[in-house]
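Residues per chain, in single letters:
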Amino acid sequence: MNKFNIAIDGPAGAGKSTVARLVAEALGFVYVDTGAMYRAVTWRVLQEGLTPEQTAEMIALTERIELRLVPGENGQQVFVDGIDVTREIRSREVTSHVSRVSSIPEIRRLLTAKQKELAKDKGVVMDGRDIGSQVLPDAELKVFLTASVRIRAERRFRELGGAQQGMSLEQLEQEIARRDKMDEQREASPLVKAPDAVLIDSSAMEIPEVVERILDLCRTRVGGGS
Ligand code: DC
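The notes below deal with the structure included here. (Residues numbered from 1 in each chain as written. Predicted model: local features only at pLDDT ≥ 70, side-chain atom pairs only at ≥ 80, totals over all residues. Heavy atoms only, no water.)

The next thing to look at is the overall build of the protein. Check the secondary structure of the protein and you find nine helices and eight strands. Over its C-alpha atoms the protein spans a radius of gyration of 17 Å, differing by no more than 12% from the 17 Å that the globule rule assigns to 226 residues. Across the 226 residues in the protein, those meeting the buried criterion constitute 47%. The contacts of the protein with a sequence gap of at least 6 include a subset with a gap of at least 24, amounting to 71%. The positive charge centre, built from 32 side chains, and the negative charge centre, built from 35, are 1 Å apart in the protein. (Helix = DSSP H or I, 4+ residues; strand = E, 2+ residues; numbered from the N terminus. Rg over C-alpha atoms; globule rule 2.2 N^0.38 Å. Buried < 20%, exposed > 50% of the residue type's maximum accessible area, 1.4 Å probe, protein only. Contact = heavy atoms within 4.5 Å. Lys, Arg positive; Asp, Glu negative; His and termini not counted. Charge placed at Lys NZ, Arg CZ, Asp CG, Glu CD.)

The following block contains the structure:
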């Protein structure tokens, strides 16, 4: 089978990462989680103690860091300057700062260049917010995966182990809505459905159904998949 690229975009909590990883596994492709790249930069920015005004320092830091994504058994492992930050980048602190860091155009340019490079040989399933629109505008298949805010909050709540993280379902719902708004309203590469992306609303779908739907699209639209 010929290799091709798949772009999966959508808001936080729509199930993109899980779906993208399973689609990649089914096709024998490489999965690239671009949100993890923005999170890794945010982790480093916080570690350095930079304030929100220190944009130039954040950009310089992004230029300097060595960012490595390593496919692993349970998804992708993330290394910043050789340190495994796979768990740390999912912390509440990183989550609450990442939208701001990812709204800086120069940081987006630097990470977009890395993402293009990762996909240049094809055979990549990449998930994010601007993959179909900016990073891989020529991707053979583009999917925009979404679900209602309530459903996404419920899924994230379960993932985080209920109230264990000290957040109620309502608080999570508000945080997701706030992040959606920031991602949609930022000037640089906002979250947007590419005109040629296939819209999948997963509110009433289980993960395997979504994966099957995408594999189907690979067969019918790209002539790939088995
Ligand atoms: O998918 P995620 O929640 O791990 O993404 C973290 C943040 O990174 C999210 O708030 C938006 C941003 N992001 C982005 O701006 N562009 C991407 N391609 C991927 C993520």
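Take the pairing of strand S6 (residues 124–128) next. The side chains of a regular strand alternate, residue by residue, between the two faces of the sheet. Here S6 lies mainly inside the structure; five of its five residues are buried. Taken together, the five bridges between strand S1 (residues 5–9) and S6 define a ladder with parallel strand orientation. From the neighbouring strand, aspartate 9 faces S6, where its bridge partner is glycine 128. (Pairing = 2+ DSSP bridges.)

Taking 1.5 Å of rise per residue, the 14 residues of helix H5 (residues 105–118) would be expected to cover 20 Å, and the 20 Å separating its terminal C-alpha atoms lies within 8% of that figure. Taken residue by residue, H5 has Ile107, Arg108, Leu111, Thr112 and Gln115 as its buried positions. Taken down its axis, H5 places every buried residue within 130° of arc, on the same side. Contacts made by the buried residues of H5 are with helix H2 (34–47), helix H3 (55–64), strand S3 (67–72), helix H4 (92–101), S6 and helix H6 (131–135). (Expected span 1.5 Å × (residues − 1). Arc of directions from axis to C-beta.)

Here we come to the packing of aromatic side chains. In this structure the tally under the stated criterion is one aromatic pair. The ring of phenylalanine 79 carries arginine 68 above its face, with NZ or CZ at 4.9 Å from the centroid. (Phe/Tyr/Trp six-rings, centres within 6.5 Å; stacked < 30°, edge-to-face > 60°. Lys NZ or Arg CZ within 6 Å of the ring centre and 35° of its normal.)

Note: strands within a sheet are paired through backbone hydrogen bonds, in either parallel or antiparallel orientation. The three strands are arranged S3-S4-S5 in an open sheet whose pairing can be described as antiparallel. With one partner strand each, in any of the chains shown, S3 and strand S5 (83–84) form the two edges of the open sheet. Looking at chain direction, S3 and strand S4 (residues 75–80) are connected through six bridges and run antiparallel. Bridge pairing in S4 links arginine 68 to phenylalanine 79.

The next subject is the packing of helix H1 (residues 16–27) against helix H9 (residues 207–222). Where H1 contacts H9, the axes come no closer than 9 Å and their chain directions differ by 50°. Between H1 and H9, the angle falls in the class oblique. Seen along the crossing, H1 lies across H9 with a hand that is right-handed. Contact residues: H1 offers Thr18, Val19, Leu22, Val23, Ala26 and Leu27, while H9 offers Ile207, Val210, Val211, Ile214, Leu215 and Cys218. (Axes fitted to C-alpha atoms, helices over the stretch in contact; angles between N-to-C directions. Parallel < 35°, antiparallel > 145°, perpendicular 65-115°, else oblique. Left-handed = near helix turned anticlockwise from the far one by under 90°.)

Turning our attention to the site of the ligand. By nearness alone, 16 residues border the ligand, and Arg39, Arg108, Asp130, Arg179 and Arg186 come closest of all. Here serine 99 contributes a side-chain N or O atom positioned 3.3 Å from an oxygen atom of the ligand. Taking arginine 179, its side chain carries an N or O atom lying 3.0 Å from an oxygen atom of the ligand. Protein contact buries 97% of the 450 Å² of open area that the ligand shows by itself. Tallying contributions element by element places H2 first for the shell around the ligand, with four residues. Classifying every residue of the shell around the ligand gives three nonpolar, five polar and eight charged. (Near = heavy atom within 4 Å. Polar contact = N/O pair within 3.5 Å; in protein donor to acceptor, adjacent residues only side chain to side chain. Areas by Shrake-Rupley, 256 points an atom, 1.4 Å probe, with all protein chains shown as cover. Nonpolar A, V, L, I, M, F, W, Y, C, P; charged D, E, K, R; others polar.)

Here threonine 112 shows up in helix H5. With residues near it in sequence (within four places) discarded, threonine 112 still touches Tyr38, Asp130 and Val135.

Let's shift gears to unusual backbone geometry. Here aspartate 81, not a glycine, exhibits a phi torsion of approximately 50°, which is positive. Residue aspartate 81 is classed as partly exposed on the basis of its relative accessible area, which comes to 37%.

With that settled, consider the environment of arginine 221. Relative to the helices and strands, arginine 221 resides in helix H9. Judged by relative accessible area, arginine 221 falls into the exposed class, the value being 56%. Linking arginine 221 and glutamate 140, residues 81 residues apart in sequence, is a C-alpha distance of 8.4 Å. Not counting the four nearest positions on each side in its chain, arginine 221 is found in contact with Leu141 and Val198.

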